[in-house]
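# Structural overview
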Amino acid sequence: MSINDGDMDDGTHWGVSQLLARAAAADVCAENNLSVAVEDFFLPEDSRLDERLRAALSTALSALVSAVESAVRQHAGRLLATRDAASLGGLLARPDKPILERLVSSGVVRDADLMRELVGRVRQDVLAAALPVAAPEDPDRASLLARLVQNSDGVVAASAMALLAAESRRHGDPEGMAVRTDLPAELHHRLVWWVAAALRGRFAADAGEMLPVLDRALCDAALRSIATHDEGDRLEAAAMRLAAALDSRADELAPLLVEALADRRLSLFVALIAHALGLAYDDAREIVLDPEAARLWLVLRALEVDRESIARIGLALSDADPRRDLDSFAEALDSIVATPTGSARAALAPLLLHPDYRAALLAVSRGRRA
């Protein structure tokens with residue numbers, strides 16, 4: 001049987017063209033996959049996400065996008081029903097493949113600020129869950145947060161209750177499905193507009209001449225989601241308010257830090273450090289999560305934390321994080337405690353500069369090295 005070009009009908013020509021196009025696309029895909037594999041191979045081991053963190057990060061991102069998508073779909077659908085576009089509302093309401101894949105393929109969720117927040121949040125959650133459960137010295141004594149809820153200072157009690165409520169909102173759903181993003185306002189705004197744009201792309205073809213109506217409904221639904229978002233309800237904000245309400249003196253801070261870890265209240269541990277030093281929560285979180293921990297030991301010395309408390313904090317974090325070397329910490333403990341408070345504060349001074357200024361200094365430093 002002849003298979004030369006003269007024997008091909010139009011359908012065969014179309015099929016050949018499709019096959020050639022798919023082969024070319026596969027060639028490009030293979031090259032991209034190789035580039036990713038090479039980049040991954042040469043990543044330093046301590047820069048890689050382990051499988052547990054990777055899975056947790058995937059779950060967190062999916063939950064955030066699903067929360068925003070659900071809210072925007074529902075409100076846009078209601079708006080369309082009142083604007084004589086019920087058929088479009090029905091399209092938005094029907095079960096459909098989540099639009100996370102669209103956001104990932106477009107690259108928008110690779111946003112450095114968003115991923116920094118999510119990676120920090122996930123690392124904090126994983127570390128908190130792995131902290132050893134310490135038996136209380138007095139078995140009849142209530143846990144730290146329970147005692148703070150009963151505190152005679154109404155501000156402290158209300159702040160402790162708010163932190164409990166924020167933790168419940170963040171972690172209460174066993175399925176991991178968020179009903180709110182709990183993101184800083186700017187990141188929440190970005191995510192809402194990305195989701196609205198992805199939904200528009202998903203349903204534009206179905207909308208046809210009604211596309212302007214769909215656009216208006218999606219915009220209005222996005223603006224509603226933005227208007228109702230209160231970053232003051234975030235877990236991190238609640239922890240910072242409690243730390244500010246406690247406003248611990250140096251002699252009170254060390255036992256609070258130790259007990260916060262013993263109760264697995266890592267958010268409060270971070271917030272206590274942030275408030276005491278005048279740092280932003282995310283900067284303090286980065287210091288606490290760093291397995292090298294050199295900055296953390298300087299922070300604790302700058303805050304005049306005593307040897308026993310530093311030892312207990314180091315032991316708890318080492319037990320929870322396999323990347324931390326307990327033997328090295330034990331060997332360094334004398335040097336840590338011997339570090340003068342003034343020297344520790346001087347070494348940490350750059351951390352207290354305005355974050356935009358620090359970012360500019362880092363950018364200029366990179367440019368010079370290049």
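Structure report, in brief. (Residues numbered from 1 in each chain as written. Predicted model: local features only at pLDDT ≥ 70, side-chain atom pairs only at ≥ 80, totals over all residues. Heavy atoms only, no water.)

## Quick look at the environment of Leu235
Put simply, the rule reads: A helix here means a DSSP run of H or I that spans at least four residues, while a strand means a run of E at least two residues long, and both kinds are numbered starting from the N terminus. The contact definition used throughout considers only heavy atoms, calling two residues in contact when any of these lie within 4.5 Å.
Among the structural elements, Leu235 can be located in helix α10 (residues 235-246). Separated by 70 residues in the primary sequence, Leu235 and Ala165 place their C-alpha atoms 8.5 Å from one another. With sequence-adjacent residues up to four places away left out, Leu235 is seen in contact with Leu163, Ala166, Glu167, Arg170, His171, Asp182 and Ser267.

## Quick notes on the packing of helix α11 (residues 250-262) against helix α12 (residues 266-277)
When two helices pack together, their arrangement is captured by the angle between the axes and the distance separating the axes. What counts is decided by this rule: Only the contacting stretch of a helix is used when fitting its axis, a line to C-alpha atoms as for every element, and angles between N-to-C directions run 0 to 180 degrees. Roughly parallel means an angle under 35 degrees; roughly antiparallel, over 145; roughly perpendicular, 65 to 115; everything else is oblique. In this scheme the crossing of two helices becomes right-handed for a clockwise turn of the near helix relative to the far one and left-handed for an anticlockwise turn of less than a right angle.
With their axes 7 Å apart at the nearest point, α11 and α12 run at an angle of 155° to one another. Here α12 runs roughly antiparallel to α11, going by the angle between their axes. Seen along the crossing, α11 lies across α12 with a hand that is left-handed. Facing α11, whose interface residues are Leu253, Leu256, Leu257, Ala260 and Leu261, α12 presents Leu266, Leu268, Phe269, Leu272, Ile273 and Ala276.

## Structural notes on unusual backbone geometry
Positive phi is not limited to glycine here, since Asp84 has a value of about 55°. When you line up the elements, Asp84 lands in the loop between α2 (51-82) and α3 (86-93). In this structure, Asp182 takes a positive phi of about 60° despite not being glycine. Looking at the secondary structure, you find Asp182 in the loop between α7 (154-171) and α8 (185-207).

## Some points on the environment of Glu259
Our working definition: Relative accessibility decides the category of a residue: with a 1.4 Å probe and only protein chains considered, values under 20% of the type maximum give buried, values over 50% give exposed, and everything between is partly exposed. Whenever two N or O atoms come within 3.5 Å, that pair is a polar contact, provided that in protein one can donate a hydrogen and the other can accept it, and provided that, for residues adjacent in sequence, both atoms are side-chain atoms.
With respect to the helices, strands and loops of the structure, Glu259 is situated in helix α11. Relative accessible area serves as the criterion here: at 19%, Glu259 is assigned to the buried category. Discounting residues that sit within four places of it in the chain, Glu259 has contacts with Arg141, Leu144 and Arg147. Looking at Glu259, its side chain comes within polar contact range of the side chain of Arg147, at 2.7 Å.

## A short note on the packing of aromatic side chains
Put simply, the rule reads: Stacked, edge-to-face and tilted are the three classes for Phe, Tyr and Trp ring pairs, Trp counted by its six-membered ring, which pair at centre distances within 6.5 Å; planes under 30 degrees apart are stacked, over 60 edge-to-face, the rest tilted.
For the structure on display, the rule yields 1 aromatic pair. Pairing Trp297 with Phe329 gives two aromatic rings, centres 4.8 Å apart and planes at 35°, and the pair type is tilted. With Trp297 in helix α14 (residues 294-302) and Phe329 in helix α16 (residues 326-338), this pair connects stretches of sequence that are 32 residues apart. The two residues Trp297 and Phe329 agree in class, both being buried.

## Regarding the side chain of Ser159
Structurally, the position occupied by Ser159 is in helix α7. Beyond its immediate chain neighbours, meaning those up to four positions away, Ser159 contacts Ala238, Arg241, Leu242 and Ala245.

## A look at the pattern of salt bridges
We count it as follows: In the sections that follow, a salt bridge refers to a side-chain nitrogen of Lys or Arg positioned within 4 Å of a carboxyl oxygen of Asp or Glu.
On inspection of all chains with the given rule, the structure shows 26 salt bridges. A salt bridge links Arg54 to Glu51, with the nearest nitrogen and oxygen atoms 4.0 Å apart. Residue Arg54 and its partner Glu51 are both found in helix α2; the two are separated by 3 residues, about one turn of the helix. For Arg323, the salt bridge is made with Asp321, and the minimal N-O distance between the two is 3.1 Å.

## Concerning helix α9 (residues 211-227)
Quick reminder of the rule: Residue count minus one, scaled by 1.5 Å, sets the expected span of a helix.
The terminal C-alpha atoms of α9, which comprises 17 residues, lie 24 Å apart, in line with the 24 Å expected from a rise of 1.5 Å per residue. Leu211, Val213, Leu214, Ala217, Leu218, Ala221, Ala222, Ser225 and Ile226 are the residues of α9 that are buried. Against α2, α3 and α8 lie the buried residues of α9.

## Some points on a nonpolar patch on the surface
Keep this limit in mind: Nonpolar side chains (Val, Leu, Ile, Met, Phe, Trp, Tyr) within 5 Å and like charges within 9 Å form the patches, drawn only from residues with over 30% relative accessible area and no salt bridge. Only the protein chains shown count as cover for residues, and the accessible areas themselves come from Shrake-Rupley with a 1.4 Å probe.
The grouping of Leu353, Tyr357 and Leu361 at the surface amounts to a nonpolar patch, some 280 Å² of accessible area in total. One can find Leu361 in helix α18 (residues 355-369).

## Quick look at the packing of α14 against helix α15 (residues 307-320)
Rules: Under the scheme applied, nonpolar residues are Ala, Val, Leu, Ile, Met, Phe, Trp, Tyr, Cys and Pro; charged residues are Asp, Glu, Lys and Arg; polar residues are all the others, including Gly.
Interaxial distance between α14 and α15 falls to 11 Å at its minimum, and their mutual angle equals 155°. In terms of orientation, α14 lies roughly antiparallel with respect to α15. In terms of crossing hand, the pair formed by α14 and α15 is right-handed. Only Ile310, Ile313, Gly314 and Leu317 of α15 make contact with α14, whose side of the interface consists of Leu296, Trp297, Leu300 and Arg301. Its residues placed into classes, the contact of α14 with α15 shows 6 nonpolar, 1 polar and 1 charged.

## A short note on α11
Taking 1.5 Å of rise per residue, 13 residues should cover 18 Å, and α11 covers 19 Å from first to last C-alpha, within 8% of that figure. Those residues of α11 that are buried lie in contact with α6 (144-149), α10, α12, α14 and α15. Directly after α11, the chain includes Arg264, whose backbone phi takes a positive value near 60°.

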